[in-house]
Amino acid sequence: MDPTAKDEMQPSLPPGSEWPEQERAEQLARGAALKWASGIFYRPEQLARLGQYRSREVQRTCSLEARIKSVVQSYLEGVKTGVWQLAQALEAVQGAREALGQARGLLRGMANAAQTLEPLREQVVQHKQLQALSQLLPRLRAVPAAVVHTQTLIDAHRLLEAYVGLRELEQLQEETWASLGGLELPVFEGLGPLAEALGQAVEAAVGAAGQLAREDPALLVAAVRVAEVEAGRTTPLEQAPRDWRQRCLRALEEGLQRVHFGTPLLPGPGALAGWLEALRVALPAELATAEALIAPCCPPHYKVVQLWAHTLHSSLRRCLQQLLEGPELGAADAFTLLHWALHVYLGPEMMGSLELGPEADVSQLEPLLTLENIEQLEATFVSKVRANVVQWLRKALDGEVAEWGREREPDTDPSGFYHSPMPAIVLQILEENIRVTILVSQSLQRRVHGMALSELGVFLRSFNDALIRFSRDHLRGEAVVPHYVSYLLAALNHQSALSSSVSVLQPEGVVSGALAPVEAALDELQKRICRLVLEALLLELQPLFETLPSRPWLSSPELLSNVCERTAHFCRNFWRVRNPTFQVLLAEAERTVVLLYLGALMQGRLVCRGPDERNQAAERMQQDATQLRDLFLDLGLEENVHCAPVLLTLRKLLNLRDPTMLGLEVASLRQQFPDVSEEHISALLDLRGDVSREQRLAALSSLQDGPQPSPRAGRRALFSLVPAPTPSPSCLFSGSCA
């Protein structure tokens, strides 16, 4: 392009046009100049230098204009160059478009020529295939015989030779396929089943690893080597990979499961212990065999011992889950399974044996029994044991109740105390069931301990109810028992034996307050038996106290002698009760006699006619107190618990000569016996027969005005159990025996 055309293509600005940026820049410059000038010439003395400032600014303006012209000129030259280059590029694009059109025409002509050559190309390909087939034909003719020979080797368990033959046939197939362009020949159709037959033979050999390791380890090694060589071979894209290594690992697992857990039938009731014992012996032996014989026949990455341990563990776990999903186990089977799974399996006799290497460790795997399984087995064991305990305790109680109707006294021990094996049987049943559970776990022991205490409480209530029925039938005459009281005394000994030995049911680690309900039930049972004995004593003595006090009583000790004789006869066998129950029972019997005596005094049957009769009554009461004291001392009652001394206190109240002093005696009586009431005092004053209304009121007021009685530990109720003025014998025994 000539310079003239180049100049014509340069852009030019129309005259009079301005750039907006230039206008805005001028405005900013003017504003800045005005601001600067106003600052410089603000003071008058600066005006003298105005000429200097003007010349300086003129020079600066000229310099700026020159620089601006230079920049604009450079910009314009660059624009001219760019426009010229664009014109050049346009010419080049037009030339390329013309060349491409010519090439497109040539290609269309070549495509038509190629279509005419396609039959020739096909003929060339067929010629090459026929040429390759003619070269491979001798080898292809030998393929059927080679397939048969390889199958024969497989059947003869010559696995390595069979694999070599199979690989030669497969290599020939690959070579033929590549030579024929992917064409499959029918002669190779038997290779697929042949390879599968060899794979199955390898899998079968590995599945019988335990047996082959002892009898024919060479066959096991050959099978593993075939699987490993096949795993290391690069499989062609057109052939599906044969994962014989994984098949061998699965075969090892399945063969091991088949040996020990292949039987579909789970152990039946009672056979679980034998089955677990057989596993206890077989599983460690199997692991030892794997470590000593099978592991050397396999590559290290097979981790045979770990595979063996994990397979046995998972198979056993699955088998136990199936067992728990079936019919509910019995108590013995549930206990055996819990103990075996929690202690024996991981113990030194089995998987925790020091003879096994670290690869056999299964402690980090899922436990044989889940928490839900353990909960289920513990609940099953407790429910079954509860049913057995209920049955055993019922039999023990029924056997004891059956003996109550015998015509002879209860059996005694060498010391002469009434004795029965029932308490020992009951505690032995419960204690053995509690003690054996510590072999499993503390949680099971706590469950069985709670169950045992619960059933013992039920047994004690049943024992209590049986005693009530026994007493009711006897008192109603429905079943006359010759030795009624003796069997009640024997029951007291049973209660004492249970109370003294119930602590054996308290295992270590259980809170001490767990026995509190049982101890309370035993205390209630003791009170019930004492109450039944005292009711029998009450029936014996009540008729004798109907004539006391009376005029014959004043003059003769015969009435109380009859009471003492009858009481001594009734209590003749109390000594066969063990201490401390013996003392409790004897003290209650003595208090019963005293309460009957006091109740008779309160009935108002006798009113003294004068001082002589009052003296006689006082002397009789003193003699009666002495006679009762001697009676119960002879029976063995400790003197510090006697209630008969109350008669001596009443004797003072009756023998007082000055009625005006009755208030002091009443206050003294109140101090000794805080439960005495106004009705009791009034009845005693009636017995005197010489107390006026004013004296009575003064004596009764001393109960309220006198000093309050001091509390005394262990003080027993007495007057509060004596009804006044109407006796009610049924409530005489609501005190400490209640």
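Residue positions are given per chain, counting from 1 as you read along its sequence in written order. Predicted model: local features are reported for residues with pLDDT of at least 70 only, side-chain atom pairs are reported and counted for 80 or more only, and whole-chain, interface and lining totals are derived from all residues. Remark: hydrogens and water are excluded; side-chain values derive from all non-hydrogen atoms of the structure.

An unreviewed UniProt entry annotates the protein chain as Exocyst complex component 3-like protein originating from Pipistrellus kuhlii. Its UniProt record, at the heading Function (unreviewed entry), says of the protein chain: "As part of the exocyst, may play a role in regulated exocytosis of insulin granules." UniProt, in the comment section headed Subunit (unreviewed entry), describes the protein chain in these words: "Interacts with EXOC2, EXOC4 and EXOC5; may be part of the exocyst." UniProt positions are given in the numbering used here, feature names are shortened, and annotations may be inferred rather than shown by experiment.

Chemist: Describe in detail the overall build of the protein chain, supporting the description with residues and values.
Modeler: Labels follow the DSSP assignment, with helices taken as runs of H or I lasting at least four residues and strands as runs of E lasting at least two, numbered in each case from the N terminus. Looking only at helices and strands, the protein chain has 25 helices and zero strands in total. A globule of 738 residues ought to have a C-alpha radius of gyration of about 27 Å, yet the protein chain, at 60 Å, is considerably larger. Projected onto its principal axes, the C-alpha coordinates of the protein chain cover approximately 180 × 125 × 45 Å. Each residue is placed in one exposure class: buried if its accessible area under a 1.4 Å probe, protein chains only, is under 20% of its type's maximum, exposed if it is over 50%, and partly exposed if it falls in between. Looking at the protein chain as a whole, 40% of its 738 residues qualify as buried. Should any heavy atoms of two residues lie within 4.5 Å, those residues are considered in contact. Nonlocal contacts in the protein chain, meaning residues at least 24 apart in sequence, comprise 77% of its contacts between residues at least 6 apart. Accessibility throughout is a Shrake-Rupley quantity obtained with a 1.4 Å probe, and a residue counts as covered only by protein chains that appear here. Element-wise, carbon and sulfur atoms account for 56% of the exposed surface of the protein chain, whose accessible area totals about 40700 Å². Under this rule, positive means Lys or Arg and negative means Asp or Glu; His and the chain ends count for nothing. Lys charges are placed at NZ, Arg charges at CZ, Asp charges at CG and Glu charges at CD. Of the charged side chains in the protein chain, 70 are positive and 88 negative, and the gap between their average positions amounts to 7 Å. Here the globule rule reads 2.2 Å times residues to the power 0.38, and the radius of gyration is calculated from C-alpha atoms.

Chemist: Break down unusual backbone geometry for me, citing the residues and quoting the values.
Modeler: The step from Leu548 to Pro549 runs through a cis peptide bond, and the omega angle for that step is -5°. By secondary structure assignment, the location of Pro549 is in the loop between helix H17 (516-541) and helix H18 (551-555). A cis amide bond links Asn579 to the next residue, Pro580, at an omega of 0°. Mapped onto the secondary structure, Pro580 falls in the loop between helix H19 (558-570) and helix H20 (581-601). At His157, a residue that is not glycine, the phi angle is positive and equals roughly 60°. Mapped onto the secondary structure, His157 falls in the loop between helix H4 (143-155) and helix H5 (159-179).

Chemist: Can you explain the environment of Glu409? Please cite residues and give values.
Modeler: Mapped onto the elements, Glu409 comes out in the loop between helix H13 (371-403) and helix H14 (422-436). If sequence neighbours within four positions are ignored, Glu409 has contacts with Tyr418, His483, Ser486, Tyr487, Asn573 and Arg576.

Chemist: Break down the pattern of salt bridges for me, with residues and values.
Modeler: If charged atoms from side chains of opposite charge come close, those side chains can pair. For this document, the term salt bridge refers to a Lys or Arg side-chain nitrogen within 4 Å of an Asp or Glu carboxyl oxygen. Here the structure, examined in full by the defined rule, presents 31 salt bridges. Note that Glu203 and Arg247 form a salt bridge whose closest N and O atoms lie 2.9 Å from each other. A residue pair is termed long-range when its members are at least 10 positions apart, and Glu203 in helix H6 (residues 191-207) and Arg247 in helix H9 (residues 244-261) qualify at 44 residues. What makes Arg247 buried here is its relative accessible area of 16%. Between Glu588 and Arg591 there is a salt bridge, with its nearest N and O atoms 3.0 Å apart. With a gap of three residues between them, Glu588 and Arg591 both fall in helix H20, about one helical turn apart. The exposure classification of Glu588 matches that of Arg591, with both residues buried. Connected via shared salt-bridge partners are Arg167, Glu170, Glu230, Arg233 and Arg242.

Chemist: Provide a residue-level description of a nonpolar patch on the surface, including the pertinent values.
Modeler: Patches draw on residues past 30% relative accessible area with no salt bridge. Two like charges within 9 Å are joined, as are two nonpolar side chains (Val, Leu, Ile, Met, Phe, Trp, Tyr) within 5 Å. A surface patch of nonpolar side chains, about 450 Å² in accessible area, is lined by Leu64, Ile68, Val72, Tyr75 and Leu76. Mapped onto the elements, Val72 comes out in helix H3 (residues 50-141).

Chemist: So, H20: which residues are in play, and what are the values?
Modeler: Residue pairs spaced three or four apart in an α-helix point in one direction, given the helix's 3.6 residues per turn. The length a helix should cover is 1.5 Å for every residue beyond the first. With 21 residues, H20 should cover 30 Å at 1.5 Å per step; its first-to-last C-alpha distance of 30 Å lies within 8% of that length. Most of H20 sits inside the fold, with 20 of its 21 residues counted as buried.

Chemist: Explain the packing of helix H23 (residues 662-672) against helix H25 (residues 693-705) to me, and be specific about the residues and the numbers.
Modeler: Remark: H23 packs on H25, axes separated minimally by 8 Å, with the N-to-C direction vectors making an angle of 35°. You can see that H23 and H25 cross each other, and the crossing is right-handed. Contacts between H23 and H25 involve Leu662, Gly663, Val666, Ala667 and Arg670 on the former and, on the latter, Ala699, Ser702 and Leu703. Simply put, an axis is a line fit to the C-alpha atoms, just over the touching stretch for a helix, and the angle between two N-to-C directions goes from 0 to 180 degrees. Rotating anticlockwise by less than a right angle from the far helix to the near helix defines a left-handed crossing, while the corresponding clockwise rotation defines a right-handed one.

Chemist: Describe in detail the domain arrangement of the protein chain, supporting the description with residues and values.
Modeler: Considered domain by domain, the protein chain is made up of domain 1 (26-187), domain 2 (374-531) and domain 3 (547-721). Either an automatic procedure or a domain database provided the assignment from which the domain bounds are taken. Using only C-alpha atoms to locate each centre, domain 2 and domain 3 end up separated by 40 Å. Across the boundary between the two partners, domain 2 contributes 16 residues, which contact nine residues of domain 3. Both faces combined, the contact of domain 2 with domain 3 buries some 1200 Å², and carbon together with sulfur accounts for 61% of it. Taken together, domain 2 and domain 3 are joined by one salt bridge. Across the pair Arg578 and Asp413 runs a salt bridge whose closest N-O atoms are separated by 2.4 Å. A simple way to read buried area is as the amount of 1.4 Å-probe accessible surface that goes missing from two parts once joined, with both sides added.

Chemist: So what's going on with helix H11 (residues 304-325)? Residues and values would help.
Modeler: For H11, which comprises 22 residues, the first-to-last C-alpha distance of 31 Å matches the rise-based estimate of 32 Å (1.5 Å per residue) to within 8%. With respect to burial, H11 is a largely interior element, 16 of its 22 residues being buried.

Chemist: So what's going on with the packing of aromatic side chains? Which residues, and what values?
Modeler: Side-chain rings of Phe, Tyr and Trp, where Trp is taken by its six-membered ring, are said to pair if the distance between their centres is within 6.5 Å; with planes under 30 degrees apart they count as stacked, over 60 as edge-to-face, and otherwise as tilted. Using the criterion set out here, one finds 11 aromatic pairs in the structure. Arranged with centres 6.1 Å apart and planes meeting at 75°, the rings of Phe570 and Phe574 form a pair that is edge-to-face. Judged by its relative accessible area of 1%, Phe574 is buried. Here a set of aromatic residues connected by ring pairs shows up, and it is made of Trp404, Phe459, Phe463, Phe470 and Tyr484.

Chemist: Explain the state of the cysteines residue by residue, including any values.
Modeler: Sulfur atoms of two cysteines make up a disulfide when they are within 2.5 Å. With the rule as written, the count across this model stands at zero disulfides. The structure places no disulfide on Cys298, whose sulfur is separated from the nearest cysteine sulfur, that of Cys297, by 6.2 Å. Since its relative accessible area comes to 9%, Cys298 is described here as buried.

Chemist: Would you mind going over the environment of Pro269 in detail, with residue names and values included?
Modeler: Tracing the backbone through its elements, the reader meets Pro269 in the loop between H9 and helix H10 (272-294). Residue Pro269 is classed as exposed on the basis of its relative accessible area, which comes to 84%.

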